Amino acid sequence: MKNEINFWQGNVALAHGALAAGCRFFGGYPITPSSEIAEVMAEELPKLNGRFIQMEDEIAGIAAAIGASMTGRKSMTATSGPGFSLKQENLGLAYMAEIPLVVVDVMRGGPSTGLPTSISQQDVMQARWGTHGDHATIAYAPSSVQECYETAIKAFNMAERFRQPVLIMSDEVLGHMRERVTIQKDIMPQIINRKRPAVDPDEFKPYKPDDKDNLPPMASFGDGYRWHITGLTHNEWGFPTNDPAEIEKKTRRLMDKVNAYRDEIVEYETESIDDAEILVVSYGSVARTALSAVRMARKKGLKAGFFRLVTLWPFPDREIENIAEKSRVILVPELNYGQMVLETERAAHGKARVVPYNLVNGELFKPEEILEKIEEVG
Amino acid sequence: MPRPEVMDWLRKQFFPHLWCPGCGHGIILHAILRALIDSGKKREETVIASGIGCSSRMPGYIDACTVHTTHGRSLAFATGIKLSNPDLTVVDVMGDGDCAAIGGNHFIHACRRNINITAVVMNNNIYGMTGGQASPTTPLGAKATTAPYGSIEPPFDICQLAQGAGATYVARATIANPVLCEKYIKNGIEHKGFSVVEVISSCHTQFGRRNKRRTPLDNLNFLKTASVQLAKASSMSEEELEGKIIIGEFVRKEIPEYTEGYEKLIEAVGGSKV
Ligand SMILES: Cc1ncc(C[n+]2csc(CCOP(=O)(O)OP(=O)(O)O)c2C)c(N)n1
Ligand code: SF4
Ligand SMILES: [Mg+2]
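Residues numbered from 1 in each chain as written. Chains lettered and ligands numbered in written order. Predicted model: local features only at pLDDT ≥ 70, side-chain atom pairs only at ≥ 80, totals over all residues. Heavy atoms only, no water.

Colleague: Could you give an account of the overall build of chain B, with specific residues and numbers?
Modeller: Secondary structure assignment for chain B yields eleven helices and eight strands. Overall, chain B is about 60 × 45 × 35 Å in size when its C-alpha atoms are taken along their principal axes. Of all 274 residues assigned to chain B, the portion counted as buried reaches 58%. Put simply, of all contacts in chain B between residues at least 6 apart along the chain, 68% involve residues at least 24 apart. By element, 55% of the accessible surface of chain B is carried by carbon and sulfur atoms, the whole surface being about 11,200 Å². Across chain B, 29 positive and 26 negative side-chain charges occur, with their mean positions spaced 4 Å apart. (Helix = DSSP H or I, 4+ residues; strand = E, 2+ residues; numbered from the N terminus. Buried < 20%, exposed > 50% of the residue type's maximum accessible area, 1.4 Å probe, protein only. Contact = heavy atoms within 4.5 Å. Areas by Shrake-Rupley, 256 points an atom, 1.4 Å probe, with all protein chains shown as cover. Lys, Arg positive; Asp, Glu negative; His and termini not counted. Charge placed at Lys NZ, Arg CZ, Asp CG, Glu CD.)

Okay, structure coming up:
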């Protein structure tokens, strides 16, 4: 079969990726630069017997998506900075109640209304810590339009597998940039659906993990099971608890279910790292510029290497530490005042000098600028 | 003792409940269960959603598909549930704070959308759970921990709010008349569209104590004497209605329901064949 070739914006590709993953519900509220995702969903979902709803605000958008997921539909919401802030409380409910969900933040400049039509990477720590309380984050940062499509599929798979929200941290440039997207027609993407309970309704414990994988199966409202969902800390039956042992078990499991699979989840990309003395760590749209800069540096004879975070969270800390051992300097260009550089520093454990490089003027780095910085710090 | 069918709908292991003895909310729980049973609903096809508050702890006691969401947001969750699976019966229980303060925006939009959900607003004129702070329905002059000198804000009339926002079934009862509560809730459940049943509840612990209604009985007596049937109220003057609670069915109309509208849209674009 012939592959399908599209010329799509990142936002459009992301929406189509979600549909390919089996997303059949979208709840959201318009905000630049994410609105195209909602617009594609509004048009396509009813054709697939899915449901789209524009809610009264972002809080309601994520709430409706979580509600739909409780009935067994793969659900998504998409937003940008101010909306991402509004979603945080209900995002926490999805972590606590272990409801699969994909949340997209197309990053723009902040704080507050900031720069609605300009790129930033200022929300990457919010992705990790935005909602209150301990929780384990899975967040992806695609850096091409093709990858927007593929990341959406991956994010749904992870959300379904680990029964929790998964974040896609896109950005304004990526969201609005048009590139070729190839959809392979002969190889279907791997699709993961949530594990269903095997026991009778009266024996179903919605938060009891299976022994073999430590992950709990999930029923859907309407499929014959009766169960309770709450944002209160709960026991395996899903009922609120004040028992320290049960509380500890739940809280730890929320972290452990991701930590235990960390090696399977963590993703990154590298180029020219074997003999790299100067490693450039980047993500999202900046990674494209950083890769050009590293290649230019190599042409000039500089021992530069490229490391792209594909998962922002979990952070590829061990992998960076290994490379730090062999390199002298790690340069972290970011469109923020310095966020992932802190994580990089933590990972490097002092084995290499970590240098931030920050641009906060609403623009994207130019390859020459990063090259210059490589020359300067090298 | 409740009827045996009612007992089937209870998670009996959690009794005695956490509400203060004499709290008005329990009467509403009983009325909701009777209404669901009399409407022929099944537990596994019924979703009870709630926000956060004393009132919103209700779903924990109901042996159905229950979801205790975030403060004020339950209607947004319920909207997603209902739109996603319109075969489910969805009852959304909430407090006056949930409904009219933090959740006010979701409330008016659910009314406007006319989605087939029954909202039961358990109005005790106070924030019970957090210790007696003023709510948007605290009467002028009534005392609350955050209105120690008496509230100077005019309160919302939840039924008028619902009516203005477009709800297609709107009724009010009080816990002093459980039979009427049950009847209106049942009418709400059977009505196709967004239904609002405001039940004037009581919180002697946090409201009554500061407002000369110390005991549960003081509250029941107050609700009995203050209640006026809608038919009678229409012939009373504004002065006569001062401090009264008008009970009755304010709105009952049929307009297209949201999820049915969406099903039609799916049909029109060919999605129903997928
Ligand atoms: C976002 C948020 N803000 C505040 C609270 C604290 N809170 C819990 S219940 C409540 C008010 C409850 O009042 P009401 O909805 O009238 O229910 P009642 O307890 O009176 O039945 C508040 C303010 C919260 N849980 N979440
Ligand atoms: S504080 Fe008030 S509303 Fe809460 S349980 Fe006690 S009486 Fe009921
Ligand atoms: Mg209240």
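Colleague: Explain the domain arrangement of chain A residue by residue, including any values.
Modeller: Residues and elements named next belong to chain A. Segmenting chain A into domains produces domain 1 (4–183) and domain 2 (267–377). Here the C-alpha centroids of domain 1 and domain 2 sit 26 Å apart. Taken together, the contact pairs 27 residues of domain 1 with 23 residues of domain 2. Our enumeration of links across domain 1 and domain 2 arrives at three salt bridges. (Domains from an automatic or database assignment. Salt bridge = Lys/Arg side-chain N within 4 Å of Asp/Glu carboxyl O.)

Colleague: If you had to explain the sheet that holds strand S7 (residues 227–229) of chain B to someone new, which residues and values would you point to?
Modeller: Read from one edge to the other, the open sheet built from nine strands follows the order S10(A)-S2(B)-S1(B)-S3(B)-S4(B)-S6(B)-S5(B)-S8(B)-S7(B), with strand pairing classed as mixed. Each edge of the open sheet carries a strand with a single partner, namely strand S10 (228–230) of chain A together with S7 of chain B. Averaged over all pairs of adjacent strands, the angle between strand axes in this sheet comes to 20 degrees, irrespective of strand direction. Across three bridges, S10 of chain A lies against strand S2 (residues 65–68) of chain B in parallel orientation. From the neighbouring strand, Ile 229 of chain A faces S2 of chain B, where its bridge partner is Val 67 of chain B. (Pairing = 2+ DSSP bridges. Axes fitted to C-alpha atoms, helices over the stretch in contact; angles between N-to-C directions.)

Colleague: Run through the interface of chain B and chain A, naming residues and quoting values.
Modeller: Counting residues at the interface gives 42 residues for chain B and 39 residues for chain A. Buried surface at the junction of chain B and chain A, summed over both partners, amounts to about 3,200 Å²; 60% is from carbon and sulfur atoms. Among the residues chain B hides against chain A, the three largest losses belong to His 68, Phe 77 and Ser 84 of chain B. Together they make up 17% of the total. Counting across the chain B and chain A interface gives four salt bridges. As a salt-bridge pair, Asp 63 of chain B and Arg 226 of chain A come within 2.9 Å of each other at their nearest N and O atoms. Applying the counting rule to chain B against chain A returns 15 residue pairs in polar contact (both at pLDDT 80 or more). Contributions of two or more residues to the side of chain B that touches chain A are made by S2, helix H3 (74–84), helix H5 (104–113) and helix H11 (258–268) of chain B. Looking at the side of chain B that touches chain A, the element that brings in the most residues is H3 of chain B, giving seven residues. (Buried area = accessible area lost by both parts, 1.4 Å probe. Polar contact = N/O pair within 3.5 Å; in protein donor to acceptor, adjacent residues only side chain to side chain.)

Colleague: Residue-level account of the packing of helix H10 (residues 284–299) of chain A against helix H13 (residues 367–377) of chain A, with values.
Modeller: Residues and elements named next belong to chain A. One can describe the packing of H10 onto H13 by two numbers: an axis separation of 8 Å at closest approach and a directional angle of 55 degrees. The orientation of H10 with respect to H13, classified from their angle, is oblique. Taken as a pair, H10 and H13 cross one another with a handedness that is right-handed. Only Pro 367, Glu 368, Ile 370, Leu 371 and Ile 374 of H13 make contact with H10, whose side of the interface consists of Thr 289, Ala 290, Ser 292, Ala 293, Val 294, Met 296 and Ala 297. For the contact of H10 with H13, the class distribution of residues is nine nonpolar, two polar and one charged. (Parallel < 35°, antiparallel > 145°, perpendicular 65-115°, else oblique. Left-handed = near helix turned anticlockwise from the far one by under 90°. Nonpolar A, V, L, I, M, F, W, Y, C, P; charged D, E, K, R; others polar.)

Colleague: Which residues make up the environment of Asn 90 of chain A, and what values do they have?
Modeller: Within the element layout of this structure, Asn 90 of chain A appears in helix H4 (residues 81–97). Spatially, the C-alpha atoms of Asn 90 of chain A and Ala 63 of chain A are 6.4 Å apart, while their sequence positions differ by 27 residues. Those residues in contact with Asn 90 of chain A that lie beyond four places of it in its chain are Ile 59, Ile 62, Ala 63 and Ile 66 of chain A together with Thr 70, Arg 73 and Phe 77 of chain B.

Colleague: Can you break down the coordination of the magnesium ion (ligand 3) residue by residue, with the values?
Modeller: Expected angles at a metal are 109.5 degrees for tetrahedral coordination by four donors and either 90 or 180 degrees for octahedral coordination by six donors. All names here are of chain B. Only Asp 96 (OD), Asn 124 (OD1) and Ile 126 (O) from the protein coordinate the magnesium ion (ligand 3), and they sit 2.0 to 2.2 Å from it. Coordination of the magnesium ion (ligand 3) draws on donor residues from a single chain, spaced D-x27-N-x1-I in sequence. Taken together, the positions of Asp 96 in helix H4 (residues 96–102) and Asn 124 in the loop between strand S4 (118–123) and helix H6 (158–165) put the pair 28 residues apart, joining distant regions of the chain. Neither residue differs from the other here; Asp 96 and Asn 124 are each classed as buried. (Donors = N, O, S within 2.8 Å, 3.2 Å for Na, K, Ca; no water.)

Colleague: Give a detailed account of unusual backbone geometry, specifying residues and quantitative values.
Modeller: The general pattern is negative phi for most residues beyond glycine and trans for most peptide bonds. Of note, the bond from Thr 32 of chain A into Pro 33 of chain A is cis; its omega dihedral lies within 30 degrees of zero at 0 degrees. Topologically, Pro 33 of chain A is positioned in the loop between strand S2 (23–28) and helix H2 (35–44). At His 349 of chain A, a residue that is not glycine, the phi angle is positive and equals roughly 50 degrees. Within the fold, His 349 of chain A resides in the loop between helix H12 (340–348) and strand S16 (353–358). Among the residues examined, His 349 of chain A registers a relative accessible area of 55% and is labelled exposed. Although it is not a glycine, Asn 125 of chain B sits at a positive phi angle of roughly 60 degrees. When its relative accessible area of 15% is taken as the criterion, Asn 125 of chain B is described as buried.

Colleague: Account for the site of ligand 1, with residues named and values stated.
Modeller: Around ligand 1, the structure places 18 residues, and the nearest of them are Cys 54, Ser 55, Asp 96, Gly 97 and Gly 128 of chain B. Lying at an intersection of chains, ligand 1 is approached by residues of chains A and B. A distance of 2.7 Å separates an oxygen atom of ligand 1 from a polar side-chain atom of Ser 55 of chain B. Coverage of ligand 1 by the protein amounts to 78% of the 590 Å² it exposes when considered alone. It is H4 of chain B that provides the largest number of residues to the shell around ligand 1, a total of four residues. Classifying every residue of the shell around ligand 1 by side-chain character gives six nonpolar, nine polar and three charged. (Near = heavy atom within 4 Å.)

Colleague: So what about the layout of surface pockets? Which residues, and what values?
Modeller: Which parts of space are left empty comes out when a probe the size of a water molecule is rolled across the atoms. All names here are of chain B. Counted as a void, the largest pocket has a volume near 1,000 Å³. Along the wall of the largest pocket there are 30 residues; nearest its centre are Pro 155, Leu 241, Gly 243, Lys 244 and Ile 245. For the lining of the largest pocket, the leading source of residues is H6, giving four residues. Taken together, the residues that form the lining of the largest pocket break down as 16 nonpolar, seven polar and seven charged. (1 Å grid on protein atoms, 1.4 Å probe; cavity = no way out; pocket = protein on both sides within 12 Å on 5 of 7 lines; lining within 4 Å. Points joined across faces, edges and corners; volume = space filled by probe spheres on them.)

Colleague: With reference to specific residues and values, describe the packing of aromatic side chains.
Modeller: In total, this model carries 13 aromatic pairs over all chains according to the counting rule given. The aromatic ring of Trp 129 of chain A is capped on one face by Arg 128 of chain A, whose charged end is 3.9 Å from the ring centroid. Arg 213 of chain B extends its terminal NZ or CZ atom over the ring of Phe 222 of chain B, reaching a point 3.6 Å from the ring centre. (Phe/Tyr/Trp six-rings, centres within 6.5 Å; stacked < 30°, edge-to-face > 60°. Lys NZ or Arg CZ within 6 Å of the ring centre and 35° of its normal.)

Colleague: Explain the nonpolar core residue by residue, including any values.
Modeller: Judged by nonpolar contacts, the single largest core of 137 residues is most densely connected at Met 41, Met 76, Phe 221 and Ile 330 of chain A together with Phe 107 and Phe 194 of chain B. For this core, the element with the most residues is helix H6 (residues 145–162) of chain A, which contributes ten residues. Here this core spans two domains, and each of domain 1 (4–183) and domain 2 (267–377) of chain A adds at least three residues to it. Setting aside its immediate chain neighbours within four residues, Phe 221 of chain A contacts Met 70, Thr 71, Trp 227 and Ile 229 of chain A together with Val 47, Cys 65, Thr 66, Val 67, Ile 81, Asn 85 and Leu 88 of chain B. (Core = buried A, V, L, I, M, F, W, Y, C linked by side-chain atoms within 4.5 Å.)

Colleague: Summarise helix H11 (residues 317–326) of chain A; cite the residues concerned and give the values.
Modeller: Along H11 of chain A, the residues classified as buried are Asp 317, Glu 319, Ile 320, Glu 321, Ile 323 and Ala 324 of chain A. Summarising the contacts, the buried residues of H11 of chain A are in contact with helix H9 (262–265), strand S11 (268–271), strand S12 (278–282), strand S13 (304–309), strand S15 (329–334) and H12 of chain A.

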